[in-house]
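Each chain, letter by letter, is given below.
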Amino acid sequence: MKLAVITGTSRPGRATHKQSQWIINTAEKIEGVEAEHVDIKNYPLPFFNEAVSPRYNPERTPVELVQKWLDKIGSFDAYVYVTPEYNHSIPAELKNTFDFMTWELKRKPVAIASHGTVGGARAAMHLKEILSEAQAVVIPKFNAISGMSEVIDEQGNLDATVAANPWGPQGQLDSLLEELVWYSNALAVAREELAVA
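Treat the numbers as computed from the prediction; the structure is a model and nothing was measured. (Residues numbered from 1 in each chain as written. Predicted model: local features only at pLDDT ≥ 70, side-chain atom pairs only at ≥ 80, totals over all residues. Heavy atoms only, no water.)

Let's talk about the nonpolar core
The nonpolar side chains of soluble globular proteins are, as a tendency, buried together. Counting 28 residues, the largest nonpolar core has Trp69, Tyr79, Tyr81, Phe98, Leu105 and Leu131 as the members making the most contacts within it. When contributions to this core are tallied by element, the ones reaching two or more residues are strand S1 (2-7), helix H2 (64-73), strand S3 (78-84), helix H3 (92-99), strand S4 (109-115) and helix H4 (121-133). When residues of this core are assigned to their parent elements, the largest contribution, five residues, is made by H4. Those residues in contact with Leu131 that sit more than four places away from it in its chain are Tyr81, Phe98, Leu105, Val110, Ile112, Ala136 and Val138. Ile24, Ala78, Ile145 and Val151 belong to the second largest nonpolar core, which has 26 residues in total. (Core = buried A, V, L, I, M, F, W, Y, C linked by side-chain atoms within 4.5 Å. Buried < 20%, exposed > 50% of the residue type's maximum accessible area, 1.4 Å probe, protein only. Helix = DSSP H or I, 4+ residues; strand = E, 2+ residues; numbered from the N terminus. Contact = heavy atoms within 4.5 Å.)

Dropping the structure here:
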């Protein structure tokens, strides 16, 4: 399974990349999983301004940076979106990445990881709605951490005391990734069957 772990903010001083690295560190221990960090900081897209919806524009010719983003995001089998909560929602720049997409996530499994007040739950809720419109398959399990920047270091190591709690963030993440692999395997077969039919 080729997994994208997407850091959903490029804000100076952000901590989100630490949660992303922890997820990558955990995912890389699973046989058959190839995890890659996709940082939207490396894709400084312009504010969406296309006159026609990308999904319904057969004449569309995206600018180079947008095409680079579309090619990258479409190249994976499964995704974990990592978002902070800003003003009860996701960062505007993360929403902007979806506005440029067509069906790159269609029939592929996506999990959500969040942090912030109440674990970023309100951002996660909004992100689920956006992913549904992209026709991604949003898995039920999620990863939410309050006080994330205090319990995960720059190398993506979870505090040992926190990690020891089987019902804490590490157990939650392990369960999420197990479910994501299951969905990825099942949906890969279904997409192949659909392509042949």
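Details of the sheet that holds strand S5 (residues 137-145)
Taking strand neighbours across the sheet as the criterion, the five strands line up as S2-S1-S3-S4-S5 in an open arrangement whose pairing is parallel. Two strands close off the open sheet at either side, each with one partner strand: strand S2 (34-39) and S5. For this sheet, the mean inter-axis angle between neighbouring strands, taken without regard to orientation, is 20°. As paired strands, S1 and S3 are joined by five bridges and run parallel to one another. Following the sheet pairing, Ala4 is matched in S3 by Tyr79. (Pairing = 2+ DSSP bridges. Axes fitted to C-alpha atoms, helices over the stretch in contact; angles between N-to-C directions.)

Structural notes on the side chain of Arg55
With respect to the element layout, Arg55 can be found in the loop between S2 and H2. At 3.3 Å, the side chain of Arg55 and the backbone oxygen of Thr102 are in polar contact. At a separation of 3.1 Å, a polar atom in the side chain of Arg55 contacts the side chain of Glu133. The contacts of Arg55, once residues within four sequence positions are left out, are Met101, Thr102, Trp103, Glu133 and Ala134. (Polar contact = N/O pair within 3.5 Å; in protein donor to acceptor, adjacent residues only side chain to side chain.)

Here's the deal with the pattern of salt bridges
Counted according to the given criterion, the structure contains six salt bridges. Of the charged contacts, one joins Asp39 and Arg14 as a salt bridge, the two residues approaching to 2.6 Å between their closest N and O atoms. Highlighted residues: Asp39 in strand S2 and Arg14 in the loop between S1 and helix H1 (16-27), separated in sequence by 25 residues. The salt bridge partner of Glu50 is Arg60, with a shortest N-O separation of 2.9 Å. Taken together, the residues Glu50 in the loop between S2 and H2 and Arg60 in the loop between S2 and H2 connect sequence positions ten residues apart. Exposure remark for Arg60: the relative accessible area of 15% places this residue in the buried category. (Salt bridge = Lys/Arg side-chain N within 4 Å of Asp/Glu carboxyl O.)

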